[in-house]
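Structural features, examined
Now for the letters of each chain:
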Amino acid sequence: MPKVLTDEQLAHWNRDGAVWPIDLLTAEEAADYTRRFEALEASMETEAQARFRMKAHLPFPWLWDLVMHPRLADAIEDIIGPDIVCWGSSFFTKKAHDPRFISWHQDSTYYGLEPPESITAWVAFTRANAESGCMKILPGTHRGEAILPHEETYDEKNLLSRGQTIRDLDISTAVDMPLAPGQMSIHHNKTIHSSEPNNADWPRVGFAIHFADSSVRQAQFDNPLAIHIRGDDPDGNWIEDPRPEYELSPESVAACDDYWERYRNAMTAQT
Ligand SMILES: O=C(O)CCC(=O)C(=O)O
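This text gives an overview of the structure that appears in the document. For every chain, the first residue of its written sequence is number 1, and the numbers climb from 1 along that sequence. In keeping with the model being predicted, local features are shown solely for residues with a pLDDT of at least 70 and side-chain atom pairs are shown and tallied solely at 80 or more, while totals for entire chains, interfaces and linings include all residues. Side-chain descriptors were evaluated using all non-hydrogen atoms of the structure, hydrogens and water having been removed beforehand.

Digging into the site of the ligand
- Nearness is defined per residue: one heavy atom within 4 Å of the molecule or strand is enough. Taken together, the neighbourhood of the ligand is formed by Phe92, Ile102, His105, Asp107, Thr120, Trp122, Met135, His187, His193, Ser195, Arg204 and Ala208.
- Interatomic distance of 3.3 Å between a side-chain N/O atom of histidine 187 and an oxygen atom of the ligand.
- For this analysis, a polar contact is any N or O atom pair within 3.5 Å, provided that within protein one partner can donate a hydrogen and the other can accept it, and provided that sequence-adjacent residues contribute only side-chain to side-chain pairs. One nitrogen or oxygen atom from the side chain of serine 195 is found 2.6 Å from an oxygen atom belonging to the ligand.
- Every accessible area reported is derived by Shrake-Rupley at a probe size of 1.4 Å, with residue values counting cover from the shown protein chains alone. When the ligand is considered free in solution it has 290 Å² of accessible area, and contact with the protein chains removes 99% of it.
- When the residues that make up the shell around the ligand are grouped by side-chain class, the tally is five nonpolar, five polar and two charged. Ten residues, namely Ala, Val, Leu, Ile, Met, Phe, Trp, Tyr, Cys and Pro, are considered nonpolar, four, namely Asp, Glu, Lys and Arg, are considered charged, and the remaining ones, Gly among them, are considered polar.

A closer look at the environment of aspartate 233
- Secondary structure is summarised from DSSP: a helix means a run of H or I of at least four residues, a strand means a run of E of at least two, and numbering begins at the N terminus for each. As for its placement among the helices and strands, aspartate 233 is situated in the loop between strand S14 (225-230) and strand S15 (239-240).
- Throughout this description, buried means an accessible area under 20% of the type-specific maximum (1.4 Å probe, protein chains only), exposed means over 50%, and partly exposed covers the range between. Overall, aspartate 233 belongs to the buried group, its relative accessible area being 15%.
- Along the backbone, aspartate 233 and glutamate 29 are 204 residues apart, and their C-alpha atoms lie at a distance of 32 Å.
- Every residue in contact with aspartate 233, bar those within four places of it in the chain, is listed here: Ser214, His228 and Trp238.
- Only 2.9 Å separates the side chain of aspartate 233 from the backbone nitrogen of asparagine 237, close enough to count as a polar contact. Here a residue-residue contact requires only that any non-hydrogen atoms of the pair lie within 4.5 Å.

So, the nonpolar core
- Joining through side-chain atoms within 4.5 Å is the link that ties buried Ala, Val, Leu, Ile, Met, Phe, Trp, Tyr and Cys residues into a set, and such a set is a nonpolar core. In terms of nonpolar packing, the biggest core is built from 43 residues, with Phe91, Phe125, Met184, Ile186, Phe207, Ile209 and Phe211 touching the most fellow members.
- Ignoring anything within four residues of it in the chain, the contact list for phenylalanine 91 reads Phe37, Leu40, Ala48, Gln49, Ala56, Trp62, Leu63, Phe125, Gly206 and Phe207.
- Counting 32 residues, the second largest nonpolar core, distinct from the first, contains Ile102, Leu179, Ala208 and Val216.

A look at the side chain of histidine 12
- By the secondary structure assignment, histidine 12 is in helix H1 (residues 7-16).
- Residue classification places histidine 12 among the buried residues on the basis of a relative accessible area of 16%.
- For histidine 12, the contacting residues outside a window of four places in its chain are Gly17, Ala18, Val19 and Trp20.

Points about the sheet that holds strand S9 (residues 175-176)
- Note on pairing: two strands pair once DSSP finds at least 2 bridges between them. Pairing is antiparallel in the open sheet, where four strands are placed in the order S3-S11-S6-S9. At either end of the open sheet lies a strand with only one pairing partner, and these are strand S3 (102-105) and S9.
- Here strand S6 (residues 135-137) runs beside S9; their pairing, made up of two bridges, is antiparallel. Its bridge partner being in S9, isoleucine 137 is matched across the sheet by valine 175.

Remarks on the pattern of salt bridges
- A carboxyl oxygen of Asp or Glu within 4 Å of a side-chain nitrogen of Lys or Arg is what we treat as a salt bridge. Taken as a whole and judged by the stated rule, the model has 18 salt bridges.
- We note a salt bridge from glutamate 47 to arginine 100, for which the minimum N-O separation is 2.7 Å. One end of the pair, glutamate 47, is in the loop between helix H2 (27-42) and helix H3 (48-51); the other, arginine 100, is in the loop between strand S2 (84-94) and S3, with 53 residues separating them in the sequence. Of the two residues, glutamate 47 and arginine 100, neither departs from the other in class, the shared state being buried.
- A salt bridge links glutamate 261 to arginine 264, with the nearest nitrogen and oxygen atoms 3.1 Å apart. Taken together, the residues glutamate 261 and arginine 264, both in helix H6 (residues 250-270) and three residues apart, mark about one turn of the helix.

As structure tokens, this is what we get:
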């Protein structure tokens with residue numbers, strides 16, 4: 001018996017490799033997350049998405065708590081079962097009237113997981129729709145190859161770090177995944193997805209949280225870390241992430257930076 005997703009939503013997931021919209025936060029909670037995000041960005045010279053890579057939950061108790069949200073865990077359990085780790089999280093943000101975009105790509109290409117099976121919950125802090133550049137998918141592509149060829153374009157308007165792009169796709173079946181503040185989508189890491197620039201008057205602020213069954217390993221580097229959200233990790237594939245004692249504690253920022261460095265070095269060595 002699923003805990004959050006309906007049978008119809010699970011059928012949607014199996015058919016499309018994504019499911020949305022799923023209610024997670026109240027409108028007030030989403031507004032509070034947006035306020036925290038805006039205060040953070042106002043205090044920094046770089047964007048949060050560029051500064052806190054791969055494990056953005058490490059320096060922020062409020063993001064840690066979001067990652068641990070019981071309803072979120074229930075929805076993830078409905079899809080992958082009870083042994084759940086969260087191995088990463090990232091902001092994906094576009095300012096109002098922001099020309100930046102995200103090219104068609106598969107997450108499995110650059111996660112380094114074995115087997116390449118992971119799912120992402122994308123939580124909308126503000127409204128994500130066609131006008132503000134919501135995510136869109138090519139339904140059913142999760143049933144194809146895990147790793148299609150990606151060209152690294154390094155386009156400065158592309159929010160992906162290397163501008164990874166799958167060329168020559170038939171995008172006639174593309175479907176938008178619009179979300180109200182506080183709702184989330186979930187997508188499989190093989191599902192091909194992208195998003196357009198933000199043409200709206202408001203910022204599009206999303207937080208992507210990456211989950212896997214604990215039997216999935218990080219194959220690119222040793223001693224990977226994750227939060228054990230639920231269930232067991234019988235093979236000991238993941239070391240527990242350190243919970244931040246307070247926002248931006250030096251230890252938590254160093255842990256986030258260190259992990260990004262390890263990940264980046266491993267992925268650069270691979271290509
Ligand atoms: O935020 C977006 O538009 C894309 C996010 C994305 O690529 C992801 O969550 O895997």
